[in-house]
Amino acid sequence: MAEKLLDFTQPFDVGLLDATVAAFYGTGSKEERAAAERVLRQLQEHPDTWTRVVTILQNSSIPNSKFYALQVLEGVIKYRWNALPVEQRDGIKNYISDLIVQLSSNEASFRTERLYVNKLNIILVQVLKHEWPARWPGFIPDLVSAAKSSETLCENCMVILKLLSEEVFDFSRGELTQSKIKELKNSLNSEFQLIHELCQYVLSMSQRPELIRATLATLHAFLSWIPLGYIFESALLETLLKLFPVAGYRNLALQCLTEVAVLSFGDFYDAQFVKLYTIFTAQLQMILPPGTNVPESYGNGTDEDQAFIQNLAMFFTAFFKSHIGVLESNQENQTALLMGLEYLIGISYVDDTEVFKVCLDYWNSLVCDLFQSECNMETPASSSPLGLQLNGMGAQLSRRKQLYSGPLSKLRLLMISRMAKPEEVLIVEDENGNIVRETMKDNDVLVQYKIMRETLIYLSHLDHEDTEQQMLKKLNKQLNGEEWAWNNLNTLCWAIGSISGSMVEDQENRFLVTVIRDLLNLCEITKGKDNKAVIASNIMYVVGQYPRFLRAHWKFLKTVVNKLFEFMHETHPGVQDMACDTFLKIVQKCRRKFVILQVGETEPFVCELLKGLPTTILDLEAHQIHTFYEAVGFMIQAESDPQRRDEYLQKLMELPNQRWVEIINQARQSVEYLKSTEVVRAVLNILQLNTSVASALGQSFLAQISLIYLDMLNVYRMYSELISSSIAEGGPYASRTSFVKLLRSVKRETLKLIETFVDKAEDAELIAKNFVPAMMDPILGDYARNVSDARESEVLSLFATIINKLKSVMMDDVPRIFEAVFACTLEMITKNFEDYPEHRLKFFSLLRAIASHCFRALFTLSSQQLKLVMDSIIWAFRHTERNVAETGLNLLLEMLTNFQASEFCNQFHQTYFLTIEQEVFAVLTDTFHKPGFKLHVLILQHLFCLQH
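Rules and cut-offs
Residues numbered from 1 in each chain as written. Predicted model: local features only at pLDDT ≥ 70, side-chain atom pairs only at ≥ 80, totals over all residues. Heavy atoms only, no water. Domains from an automatic or database assignment. Contact = heavy atoms within 4.5 Å. Buried area = accessible area lost by both parts, 1.4 Å probe. Salt bridge = Lys/Arg side-chain N within 4 Å of Asp/Glu carboxyl O. UniProt positions renumbered as here; feature names shortened; annotations may be inferred. Helix = DSSP H or I, 4+ residues; strand = E, 2+ residues; numbered from the N terminus. Disulfide = S-S within 2.5 Å. Buried < 20%, exposed > 50% of the residue type's maximum accessible area, 1.4 Å probe, protein only. Axes fitted to C-alpha atoms, helices over the stretch in contact; angles between N-to-C directions. Parallel < 35°, antiparallel > 145°, perpendicular 65-115°, else oblique. Left-handed = near helix turned anticlockwise from the far one by under 90°. Nonpolar A, V, L, I, M, F, W, Y, C, P; charged D, E, K, R; others polar. Polar contact = N/O pair within 3.5 Å; in protein donor to acceptor, adjacent residues only side chain to side chain. Phe/Tyr/Trp six-rings, centres within 6.5 Å; stacked < 30°, edge-to-face > 60°. Lys NZ or Arg CZ within 6 Å of the ring centre and 35° of its normal.

Details of the domain arrangement of the chain
Taken domain by domain, the chain holds domain 1 (1-77), domain 2 (84-206), domain 3 (763-850) and domain 4 (862-947). Contacts between domain 1 and domain 2 engage 11 residues on the former and 15 residues on the latter. Between domain 1 and domain 2 the total buried area reaches about 1,300 Å² when both faces are included, carbon and sulfur atoms providing 78% of it. Inspection of the domain 1/domain 2 interface yields 1 salt bridge.

Quick word on the UniProt feature "domain: Importin N-terminal" (unreviewed entry) in the chain
According to UniProt, the positions carrying the feature "domain: Importin N-terminal" (unreviewed entry) are residues 36-102. Between the end C-alpha atoms of residues 36-102 the distance is 32 Å, and the span holds 78% helix and 0% strand.

Topic: the state of the cysteines
Considering all chains together, one arrives at 0 disulfides under this definition. Cys 256 takes part in no disulfide bond, and the closest cysteine sulfur to it belongs to Cys 199, at a distance of 9.4 Å. Among the cysteines around Cys 523, which has no disulfide bond, Cys 493 carries the closest sulfur, lying 11 Å off. Assessed through its relative accessible area of 18%, Cys 523 is described here as buried.

Section: the packing of helix H41 (residues 863-877) against helix H43 (residues 905-924)
In the contact formed by H41 and H43, the axes pass within 11 Å of each other and the chain directions differ by 15°. Taken as axis vectors, H41 and H43 run roughly parallel relative to one another. As for the relative orientation of H41 and H43, their crossing is right-handed in sense. Counted together, Ser 863, Leu 866, Lys 867, Met 870, Ile 874 and Phe 877 of H41 and Phe 908, Tyr 912, Thr 915, Ile 916, Glu 919, Val 920 and Val 923 of H43 form the full contact between these two elements. Taken together, the residues of the contact of H41 with H43 sort by class into 9 nonpolar, 2 polar and 2 charged.

As for the packing of helix H29 (residues 575-590) against helix H31 (residues 622-637)
Their axes nearest at 9 Å, the elements H29 and H31 cross at an angle of 15°. Our classification of the angle between H29 and H31 gives roughly parallel. The way H29 lies across H31 gives a crossing that is left-handed. Across the interface between the two elements, Gln 576, Asp 577, Cys 580, Asp 581, Phe 583, Leu 584, Val 587 and Gln 588 from H29 touch His 623, Gln 624, Thr 627, Phe 628, Glu 630, Ala 631, Val 632, Phe 634 and Met 635 from H31. For the contact of H29 with H31, a count of residues per class yields 9 nonpolar, 5 polar and 3 charged.

Some words on the side chain of Thr 616
Inspection of the secondary structure puts Thr 616 in helix H30 (residues 605-616). By relative accessible area, Thr 616 is classed as buried at 10%. At 3.0 Å, the side chain of Thr 616 and the backbone oxygen of Gly 612 are in polar contact. Leave out the neighbours within four places in its chain, and Thr 616 touches Phe 565, Met 568, His 569 and Phe 628.

Considering the environment of Phe 594
Relative to the elements of secondary structure, Phe 594 occurs in the loop between H29 and H30. Counting along the chain gives 36 residues from Phe 594 to Lys 558, while the straight-line C-alpha distance between them is 8.9 Å. Setting aside its immediate chain neighbours within four residues, Phe 594 contacts Trp 554, Leu 557, Val 561, Ile 586, Val 587, Pro 604, Phe 605, Val 606 and Met 635.

Thoughts on the pattern of salt bridges
Summed over the entire model, instances satisfying the criterion amount to 50 salt bridges. Residues Arg 208 and Glu 107 are paired through a salt bridge, measuring 2.0 Å at the closest nitrogen-oxygen approach. Taken as a pair, Arg 208 in the loop between helix H11 (192-205) and helix H12 (209-222) and Glu 107 in helix H6 (residues 107-112) lie far apart in primary sequence, 101 residues in all. What you see here is one network of salt bridges that share partners, running through Glu 107, Arg 111, Arg 114, Glu 151, Glu 155 and Arg 208.

As for the packing of aromatic side chains
For any two aromatic rings, the description comes down to two numbers: the centre-to-centre distance and the angle of the planes. With the rule as written, the count across this model stands at 46 aromatic pairs. Taking 4.4 Å as the distance between ring centres and 20° as the angle between the ring planes, the aromatic pair formed by Phe 232 and Tyr 269 counts as stacked. Note that Phe 232 is positioned in helix H13 (residues 229-232) and Tyr 269 in the loop between helix H15 (250-262) and helix H16 (270-287), a separation of 37 residues in sequence. Here Phe 232 and Tyr 269 have matching classes, each one buried. When the centroid spacing of 5.3 Å and the interplanar angle of 75° are considered together, the rings of Phe 565 and Phe 583 count as edge-to-face. Placement of Phe 565 in helix H28 (residues 554-567) and of Phe 583 in helix H29 is noted, with a sequence separation of 18 residues between them. Exposure class is identical for Phe 565 and Phe 583. Each is buried. Arg 418 extends its terminal NZ or CZ atom over the ring of Phe 356, reaching a point 4.1 Å from the ring centre.

Structure follows, in structure tokens:
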């Protein structure tokens, strides 16, 4: 029945449309909704449906049908407007304008049909983007005169003006051409006097709250771009400041004032800015008396109250960033400035991340500016012929430092009390049930920690004594129980750790000794194992943050490391992880100290450590042992004597190597032995240990990897065959069984170990000669032979690393690599854009490595194989995943450059020029690929500049 709607030879049946729309949004069966959706989509795509819009809007009885009609109309206006005849354009324009006037002139219809009117407003603004000013020059005067006829109509006119401003100034990028945007901006500027007069008239004369709020919201959208005379040479600021104390308008007025506060054009309007700030702070004291507990008010306040505190933070930070200089100029202004800073410190304690971010951003810029001024002042006056002037400037800068000393002291306390958590190592379980360590790198808390650390370091440089006193005072409150709490101790210790290196060495040594002594006392007097564990972890964190102190005090360093070894036997949750992490961090920063003979010792510490190693790691979990081994690897790497280094490495790897030899010997007698889950886990653990040490040792790991390399490849081959046979027998689901996942973990770890060693190795010739030939069949051949679900993406990244490392040495191996991985990987990744995401990126990274370092190897490929390469690149840059698309575009640009410089230039371009050009234009004009615009243009430029 609904199909009748698509018959445009018949009069349009609005009732049937209403029924179809109701079926789509209704609670009928799935089939009914699907059928309704199909008809509505076909109707929306029909080129003549827009001609029925007026009929639908006039006769439909349900809102959803009207919104559907407006959606159709919006599509026509956006994409086909200039193709319509003038009469039809004028008809649409007049109908929409009249309908808006009709609905918004009447209070009742304006309130009940609010959503409908808002949608009509959006449609009108879309029309304006095409028609105004050239074909509708009278729009602004018409709108302003209509606004004066009724208060509800005036309120809606404000909404239209706000939408217009947002469309032109905020959302026009990517929607309109630059010349059109410029034309619209100029028109708004030139006709702003009328709008300004209307806003001023409403704000001074109207008693209607909704209209005043709509006007303030419109002004807020305009203030960032209107000519400055309308702000500073009219009564506008005065009006806004009068409205600010009124609760109903407070937030909107404050948002408008913030827009003004951001403006900065030299010192021409300084007097007006000072007046604005002075009146504002005087009124603020009535609303929020000085000394108010702002965090408490925020916590107990309504949504409006909370929004007010947020807006207040925005106002103060915006004003200070642009105009703090003028407030520093005399005593009266300084008093108001200090009061504003006091408010801002109070707001900074509010328990809301977004509010704190706004405040923190400003505090960071303020202390950075003060610190840089201080540094400039310390430049010796005698080195400049303007010595007297510099001395005068010095006095001015020291006055400035004095002015801010009070707020900065409070700011130090704020930073110490709210310090964010530093980089965090999480212990998580991977998909195969193995415990792995993940370092959180990009989360918000870490970004916040970095900004806070920088701010606190500047604050410390500005006044070391105060920073030290504030921290020791907080620590004393932990000791006397006044502020004892885990979170308080953590934030304090993170803050203490963050300022490492900001004091002179003697002061830092004295400070650190006091801190550690107090923390040890705290550990002594505090009862409860949980509490002691928290204090111990904080002691270790602080110690780990001060490598300069550790390097200068060997006995203390040795005591700390031995204490960490004790903690490695402590089974309280988290203590062993903390001990291993701190050990790794300390070794990375003090590695040389452990391999030289220290005064009063009979041998280097590393020898002592290796002798007691089995006892030290006895109670650690596997992932903790990996961290421990990585740390010892860094120690050994610091040894400069190659022979001694190999001896240390042999001693370190003694336990895993014994187990490895035992497993391999058993496997030689019966290959079934390798299939036991327990043995597979043991193999995985040994490989992970090797990877940890290889990542620390690099080239020096050669002796160890040479011992296990060939046996490791045999185990790889055998497990791979076992995986393939399991998947062949059990189907795709077999790849998800825990046993197959475990076997694949061994394969991945083998690849990771080889890749880690290759990446860090320095002797490329040795790798090419001793390692690459042996892995060709067990790894490459195995990849080609395997079923899709059993192919490891790490094979692709391993060979990309090998080619990046060995470069043209791999030239002769490229055809074999190509044969093994290209066709089968492309088959996996070109079925859709979702499956095998890891293989996608790594495949194109491999292709890029080949194109960069072994380009001439591509000339040896058959035309069919080269077509496969080009198709895969085109497929990559059509991808909607940004990093895959960018890899494809970069690769294409490199290929084009390389081919242009080769003897096959003409042949290549004859075959692929048009295809590349068409495909690049396809993505260039597709909104899904906007991020690649720059690369698209570079590729087209390259193509257009070819010399034939």
